[in-house]
Amino acid sequence: MAGDIFQLGNASWRITRIETGRVRVEDARGQPPSIPFWLGEAPGRTTELSAAVSRLREEVSERLDAKQPDEKLTESIYNSRAMRWLVEEVGVGQPAAEQIVQYLAAARITLGHMPTQQTIVFERFFDEGGGTQLVIHSPFGSRLNRAWGLALRKRFCRKFNFELQAAATEDAIVLSLGATHSFPIEDVFGYLRSNSVRDLLIQALLDAPMFAIRWRWNASRALAVARRRGGRKVPAQLQRMDAEDLMAVVFPDQLACFENIVGDRQIPDHPLVNQTIRDCLEEAMDIDRFEDLLRKIEAGEIRMVARDLREPSPLAAEILNARPYAFLDDAPLEERRTRAVISRRWLGAETASDLGSLDQAAIDRVREEAWPQATNADELHDAMMQLGFLSEAEGRATGGAWERFLAELIQDRRAARMHTRSGGHVFWVAAEQLPQLLAVFPEARTEPMILAPESFSEKSWGAESALIELLRGRLEALGPATAFQLAESTATPVDAVQRALLALEAEGFVMRGRFTPGTEDTEWCVRRLLARIHRYTLNRLRQEIEPVSIGDFMRFLFTWQRVSLDSRGEGQESLSAVLDQMEGFEAPASAWESEILPARLVEYDPVWLDALCVSGRVVWARLTPPKGAGSGPIRSTPIALLNRKNTALWRGLFPSPHGSPLSADLSPAGQSINEHLSRHGASFFADLVEGTALLRSQVEDGLSELVACGLVTADSFTGLRALLTPSSKRPTSANGRRKRSAAIFGVEDAGRWVLLRVDPANASGSRQRTNEEACEMFARTLLKRYGVVFRRLLESESLTIGWRDLLKVYRRLEARGDIRGGRFVSGITGEQFALPEAVGALRSTRKMPGDGSLVSISAADPLNLADILTPGGRVPAVSSNRILFRDGAPVAVLEAGEIRYLVDLTPSAQWQIKNALIRRPSSPQLRAYLGRSA
């Protein structure tokens, strides 16, 4: 509060004013702090609010498509009843509803159940330090969870004889387990009982920071500790010392040396002590609700679920990153075991279904690494010592090599074959292991008869201890195995094997669970091997999201933009999808139908583009203003194809030519047409000829000039196509009719011509909102075009929006979960963002080795990223220039009619490259439409 003093570092500061989002302070000039410097507590969530949170989870979970398996939930998330319920009935905004449904759906898929007050989920996973984290998802509020966490922490302390790190928030509890904790998660369900938890919790809270805080508060309120002395306030740290001195008198066991305390600490019957314990149990915690919860668990009214995962679930992120006020122990933030947990930056429902499974390849790799290798007799002897024995099948699996080594060991009396009486199993055993094996198989006989060395025969083995050590050695080399498999391989009863495994589990040596994908039986695995399997699985996943090379990224782009032969589209709908990707990209007018579209569509037909334009779905226009009036031929005029509904937004992103001196610099024909369109609006070609009293050729030239200036467009692409070949250059017969080889269209077939205008209202009060909408539209368009977006790609775009403005959009989309941020392409600095489907395609591309395929593109193509991403120097964006790629790397360039090779090639390879670099022939439909000879 204003006027209070706090200490920061070696200086003290006085709070002068508290504003929204900030606190103003001034130097306190060495005065003692009035605010305690020890950690406090955050206020807990109310019981009613906790019930509401649980009810929200239940409602969303019930409205997710329950007819589909969880791994397919993501396909219907955004069309689910949960989304409609949140938006239409609850009144949550669309972005917030999407985040809620995506988050809870991913949690349900990962955990198999939705944690609520009727279903409590325990999850366990390994951290980077080899330990495990046990997270209890219990949305009962921090008061109840704090009691549960402290009681469990004390129970673990008494069971395993050392303290755990723990934390509790409103929705979860985390216990950081060490390398010696090995137990089935289901055992934790019964660790606490309602009839004894109160006494256990009292002993636990005595060591918690809450007891000391409330003791000081009660002692101060009871005037047992002076707050003012000599008319001045006693500094907080001195009050703390006085409170400790008082506790040493009233409650000596609380500060006593633990070496002198046996069993529980005795609680004195003192008003301050009783009040402090009551405050801890009923204010900081909620012991009554906790006891009631345990009674419901014991009665089976609440479902308990256990899950072993390889990574933390989405719901575990909050407790793993909890602030210090959630800690139930005094370990500092820097030393928390939870900091050794590495989780994904964003986990969507589409990637959550595999968190509970380990990689089969990782399991196979660990089994191969753990199984001993022998290249001589001595190494085989060591292998038998490690494993306890080798079965006949295991020894012969090496193709006879180990049998030769065994013969040498038998000859030296260092090993023998052991025949068991039950089942007729044959084992290869080392002489040193005979006492242990004979304790397990007392009726077995060896062939030949051998004796154990004297130092090994002195130890007497019991059957149970011998079997435990035997299984210890076998599990060290087998990896995950079921009790039945171990019993079968050791020729011992399953019950005896299970007892031995439980003893190993109590030592923390093995862990049980379902580790192999597809298995339904409980498996047992050595803890260190299981940790290695988890690590290999995570390493494999991290390798999958490692950034790809520039070459792989180009290969991905060839598929993403449908340029590679096996990914090209067909039909008008495919053209519509291509135009969505190309929206806003300016290419020379002549390049669209001669290079860009035919490169992406099989047998491209210009009728498709005309149909899209006439229907009003697509419009063509020049966006960037020219440097001078009518500068440049119409064939090289940069033209963009846009969705008509976005035309105003696109025009708003570019400087408008209207109102500039550009209109005054037009030719007389151009000015006449511009004035006519301004007065009469959209007009057909015949109306323009009649209204301006100009010749047809003059109107065509004037329209070409207006198109080059970015002032007009037409209803169909036919108008632009006709202007690319002026009437003066079109072949005609002697009677003035069009030749058979001439184009089957003319400028009079273009439909109406119309001026491109910017709404004046857009340019005034609503400009800020429009610019934000346009910026987001452009950001999303770049994602559609490239899949992955980073700053360097903007160099290939004609629109110069600042990367800083796009970053705001991309970070907002990432926070919503619409896109992903990370490092996707190597060698590129700065932040990168990608569509989720593009990330999967990138992984597939990296896994697919290059096959030497050649891809030739025009330099006017959007994929001309030469000198932006690929080496070889910049290639001007001229339609006649071409670039040839092999496995994503540029190998040759055709520029100004000359071929430049970028790599060393043999003469035969140069001939192949030259043929591939030549422009591909146009389709018959396109040649006929453009009037070209076959």
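See above for the structure.
A. Looking closely at the sheet that holds strand 20 (residues 638-643). Taken together, three strands build an open sheet; the order of strands is 18-20-19 and the sheet is antiparallel. Each end of this open sheet is capped by a strand with a single partner; those strands are strand 18 (587-588) and strand 19 (618-621). Where strand 19 and strand 20 come together, four bridges link them in antiparallel fashion. By the bridge assignment for strand 20, Trp620 is matched with Leu641.

B. Just the packing of aromatic side chains, in detail. Using the criterion set out here, one finds 16 aromatic pairs in the structure. Seen from their ring centres, Phe556 and Trp560 are 5.3 Å apart, and the 35° between their planes marks the pair as tilted. Remark: Trp560 and Phe556 occur in helix 23 (residues 550-560); sequence separation between them is four residues, near one turn of the helix. Pair check on accessibility: Phe556 and Trp560 agree, each one buried. One aromatic cluster is present, built from ring pairs that chain together Phe122, Trp148, Phe189 and Phe290. The aromatic ring of Phe327 is capped on one face by Arg336, whose charged end is 3.8 Å from the ring centroid.

C. The arrangement of the sheet that holds strand 17 (residues 523-526) in detail. Read across the open sheet, the three strands follow the order 15-17-16; overall the sheet is antiparallel. Either end of the sheet is taken by a strand with one partner, and the two such strands are strand 15 (481-482) and strand 16 (510-513). Bridge count between strand 16 and strand 17: four bridges; the pairing is antiparallel. Bridging from a neighbouring strand, Gly513 pairs with Glu523 of strand 17.

D. Just the pattern of salt bridges, in detail. Under the counting rule described, the total for this entry stands at 37 salt bridges. The shortest N-O distance in the salt bridge between Glu369 and Arg532 comes to 3.1 Å. Residue Glu369 is located in helix 13 (residues 360-370), and its partner Arg532 is located in helix 22 (residues 527-544); the two are separated by 163 residues in the primary sequence. What makes Glu369 partly exposed here is its relative accessible area of 36%. Judged by relative accessible area, which is 19%, Arg532 ranks as buried. Between Asp610 and Arg721 there is a salt bridge, and its shortest N-O distance comes to 3.2 Å. Of this pair, Asp610 sits in helix 26 (residues 606-614) while Arg721 is found in helix 31 (residues 718-723), placing the two residues 111 residues apart along the sequence. The pair formed by Asp610 and Arg721 is uniform in burial state, with each residue classed as buried. Among the charged side chains, a salt-bridge network with shared partners connects Glu392, Arg396, Glu403 and Arg417.

Reading the values: rules and limits
- Residues numbered from 1 in each chain as written.
- Predicted model: local features only at pLDDT ≥ 70, side-chain atom pairs only at ≥ 80, totals over all residues.
- Heavy atoms only, no water.
- Pairing = 2+ DSSP bridges.
- Helix = DSSP H or I, 4+ residues; strand = E, 2+ residues; numbered from the N terminus.
- Phe/Tyr/Trp six-rings, centres within 6.5 Å; stacked < 30°, edge-to-face > 60°.
- Buried < 20%, exposed > 50% of the residue type's maximum accessible area, 1.4 Å probe, protein only.
- Lys NZ or Arg CZ within 6 Å of the ring centre and 35° of its normal.
- Salt bridge = Lys/Arg side-chain N within 4 Å of Asp/Glu carboxyl O.

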